[in-house]
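# Coordinate inspection notes
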Amino acid sequence: MNARTSALDTLVFGVDVQSGDVRGDAPSYALVAFDGENIDRDVVSHRKLRRLIEREEPALVATDNMYELAADKDALVHFLRELPDGTRLVQVTGAERPEPLSRVSSRHGVPYDKKPMKEAEAAARLAAGNVGYEVSAFTNTTKIKVSRGRSTGKGGWSEDRYTRRIHGSVKTRAREVESELDAAGLDYERDVTEKYGGFSNAVFEVEGRPEDIPVSNERSGDVRVEVERERRDGIEFEPLAKRRDHVLVGIDPGTTTAVAVADLDGTILDVFSTRTADTAEVIEWIIERGRPVVVAADVEPMPETVEKIRRSFDAEGWIPQSDLPIDEKQHRTRDHDYDNDHERDAMAAALCAFDDHQDQFERIAEKVPPRMDRGEVTARVVAGEDSVETALADLSEDDEPEEEETEHTPRELTAEEKRIKELESQVERLEDHIEELEDTIERKEGRIGQLKGDLEQARSEERKEVRERREVSRLERENQRLERELDERDEKIENLEGKLARLKELWKLDHSNFSDVSEKKAGLTPVKPVEKFTKGAIERAHESFGLATDDVVYLRDASGAGRSTAERLAEVDPKVVLTGDGGLSDAADEVLFDREIPVGPADDVTIQEVDELAVTRESEVEAVIEDWEDRAEERRKEQKAEQLDRLISEHRADRKYESRSGASGQSP
């Protein structure tokens, strides 16, 4: 049983598949019940196994593979949920990557045979010796729900009293549960739903396992109590033995002290941090989890507190050549969970110490026989500075008396039996070699997985750099576009400044036609030219320099406009419309006349143009307007005369029609 001590005074069940498969029909199991001294053996069905577990309530149910008891993860969770409160399922061959049962049995000196009953016995003995991992699908939080035990449906005239009584009973039972939890000293949180007369339900989240809680499932009358552990996201493994043989310890001292423990295979076993514990409490915590071979820190030189703990265990010390960078610590602990940076630093120290000693550990493991304690040899070589051969020799001398005594003197084997034994030994060696090769494959696959992870990270960083380069290129293109727009705008501003300068020169003209301009004897007015009398030309002119009320509009080509085009121009309400080539259509002329917009020929005024801008004399514009008003007055008189003639003609026609109608109506 190795150097471990069995702390179990209760029953242990060892289970192995006898025949069939849990995924098939009616599997049978080899069952061994072991109490530390006595052994009972039986072959049972799956249903009977469940009944025996429920009746006997063993402390541990041990197996070499948990999926021999359940077809899949959901079935395994269901199996764990139905175990008695004090019963735990143990996988003795390891956690996520179990070892062969033969190797584990050999390492701990437990008799092993390939027969199912022998494997079940080996599992029971290993679990009794605190070897293996507890399979857990639930947290240490338990939910207690106190709710109505019957419906508050239709109750006739007494429905209110009936409902009030049920809710009152729920409230009373909830208070009783609360008192029981307080008396047991358990931490909990309560959430109640108040209804008419009391509570419809009350939920307690208690920090503890069901076996530690003085409340159980019950249903009586108006009230129902349900106790259920909170399920984890997946399946987790917790070491069965709190004390481990040999470990590596990483420590991060300070105001908050953090400690991480790893086994000789580089697996993090436990980690914690505290602000209140002193050095003695930290040492006690480490003692509960193993015997340190190496004590490591993440800084150089080793802090005094870490050195003190190292000396107390007489362990080998490890520090990096220089303080571990944060990014390196984050990368090394990326596959592990931690609550704060101190726990991360402690784990990084333990894992980096393992990396530094890994080759040495592997060389020692290759030389240690299967039945020898690898951890003890490693401790003597690393901390005691012994050679592997010396350590093996010392330990072999200690183990010599541990030979199993037999009741009878063994008889001499026949040649055939010797040959069979040799072949069995050869098969066992080959199987061990196969297992070693499988372990090598697993390590290679793990290394491949790690390299794939590094490759994926490198690809992710490369993709990030590509995105950054694309963003830089996009910003550069955007910058070039803005620079082009800026150059175009500068060019446009320069053109406009040139036009403004030419317009100023126009106002300073001093010649025979514009002598009054320079002398300021007469004012000038702006003229807004429109290329054609079309809606599109009007809109373009409006967008270029704006058309507003009382503007002087110059139509370079006044022909072809219809009524709608004339109405669009009339909406501007210009002061006067000067027409150039072509003549106004009758429809356009009628619209402008009806809107009382003056129209005159552009030849009657002197227009001076600079690009799309133009000016003319105000006096000439007024003359055109006066001329139009005279013509408009004559036109109105003509229209009135025509209207009067039309009315007289219509009146005469009506009188003539009435006289004819009267004459035709007389009798003969």
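What you see is a predicted model, and the numbers here were worked out from it, not measured in a lab. Residue positions within a chain follow its written sequence, with the count starting from 1. At least 70 in pLDDT is required for a residue's local features to be given in this predicted model, at least 80 for side-chain atom pairs to be given and counted, and no such filter applies to totals for whole chains, interfaces and linings, which use all residues. No hydrogens and no water enter the side-chain calculation; it runs on all heavy atoms of the structure.

### Concerning the packing of helix α15 (residues 563-572) against helix α16 (residues 586-594)
- Two elements in contact, α15 and α16, have axes whose closest approach is 8 Å; the angle formed by their N-to-C orientations is 30 degrees. Relative to α16, the element α15 lies roughly parallel. The two elements α15 and α16 cross, and the hand of that crossing is right-handed. Two secondary-structure elements touch here, α15 through Arg563, Ala566 and Glu567 and α16 through Ala587, Ala588, Glu590, Val591 and Leu592. Note on geometry: axes are C-alpha line fits, over the in-contact stretch for helices, and angles between N-to-C directions span 0 to 180 degrees. Comment: elements are numbered from the N terminus, with helices defined as DSSP H or I runs of at least four residues and strands as E runs of at least two. Should an angle fall under 35 degrees it is taken as roughly parallel, and over 145 as roughly antiparallel, whereas 65 to 115 is taken as roughly perpendicular and any remaining angle as oblique. Helix crossings get a hand from a simple test, with the near helix turned counterclockwise from the far one by less than a right angle marking a left-handed crossing and a clockwise turn marking a right-handed one. Throughout, a contact is declared for two residues whenever any of their heavy atoms are within 4.5 Å.

### Quick notes on the layout of surface pockets
- Throughout, the protein atoms alone are placed on a 1 Å grid, and a set of points is a cavity if a 1.4 Å probe fits but cannot get out or a pocket if it is open with protein on both sides within 12 Å along at least five of seven lines; lining residues have an atom within 4 Å of a point. Grid points are joined across faces, edges and corners, and a volume is the space filled by probe spheres set on the points. Computed from the structure, the second largest pocket encloses a volume of approximately 480 Å³.
- In this structure, the second largest pocket is lined by 22 residues; those nearest its centre are Arg81, Leu83, Asp85, Pro210 and Arg229.
- Where the lining of the second largest pocket is concerned, the elements lending two or more residues are α2 (73-81), β5 (88-91), β6 (133-148) and β10 (223-239).
- When residues of the lining of the second largest pocket are assigned to their parent elements, the largest contribution, five residues, is made by β6.
- Charged residues are taken to be Asp, Glu, Lys and Arg, nonpolar residues to be Ala, Val, Leu, Ile, Met, Phe, Trp, Tyr, Cys and Pro, and polar residues to be all remaining types, Gly included. Broken down by class, the residue content of the lining of the second largest pocket amounts to ten nonpolar, four polar and eight charged.

### Quick look at the pairing of strand β2 (residues 28-34)
- Partly exposed residues are those whose accessible area sits between 20% and 50% of the maximum for their type, while under 20% is buried and over 50% is exposed, using a 1.4 Å probe and protein chains only. The buried count for β2 comes to seven of seven residues, which makes it a mostly enclosed element.
- Here, any two strands with at least 2 DSSP bridges between them count as paired. Of the strand pairs in this sheet, strand β1 (residues 12-19) and β2 are connected by seven bridges, and their pairing is antiparallel. When the bridges of β2 are listed, Ser19 appears paired with Ser28.
- The pairing of β2 with strand β3 (residues 39-45) spans seven bridges and is antiparallel. Of the residues in β3, the one forming a bridge with Tyr29 is Val44.
- If you look at the hairpin formed by β2 and β3, you'll find four residues sitting between the two strands, and Gly36 has a positive phi there, around 105 degrees.

### Notes on a positive patch on the surface
- A surface patch of positive charge is lined by Lys464, Arg467, Arg469 and Arg470.
- Checked against the element boundaries, Arg467 lands in helix α12 (residues 415-507).
- Given the relative accessible area of 51%, Arg467 is considered exposed. Each patch groups residues whose relative accessible area exceeds 30% and which form no salt bridge, using 9 Å between like charges and 5 Å between nonpolar side chains of Val, Leu, Ile, Met, Phe, Trp and Tyr. For every accessible area listed, the method is Shrake-Rupley and the probe measures 1.4 Å; residues are considered covered only by the protein chains on display. Take a side-chain nitrogen of Lys or Arg and a carboxyl oxygen of Asp or Glu: if they are within 4 Å of each other, that pair is a salt bridge. Lys and Arg are tallied as positive, Asp and Glu as negative. Neither His nor the chain termini are counted. Just so you know, the charge point we use is NZ for Lys, CZ for Arg, CG for Asp and CD for Glu.

### Topic: α15
- Considered for burial, the residues of α15 that qualify are Thr565, Ala566, Arg568, Leu569, Ala570 and Val572.
- On its buried side, α15 packs onto α14 (535-545), β17 (552-557), β18 (576-581) and α16.
- Positive backbone phi, at 60 degrees, marks Asp573, one or two positions downstream of α15.

### Focus: the environment of Ala280
- Residue placement: Ala280 occurs in helix α6 (residues 279-287).
- As for Ala280 and Ile309, which are separated by 29 residues in sequence, their C-alpha atoms are 8.9 Å apart.

### Some details on α16
- Within the sequence span of α16, burial applies to Ala588, Val591, Leu592 and Phe593.
- Glu596 sits one or two residues past α16 and shows a positive phi near 60 degrees.

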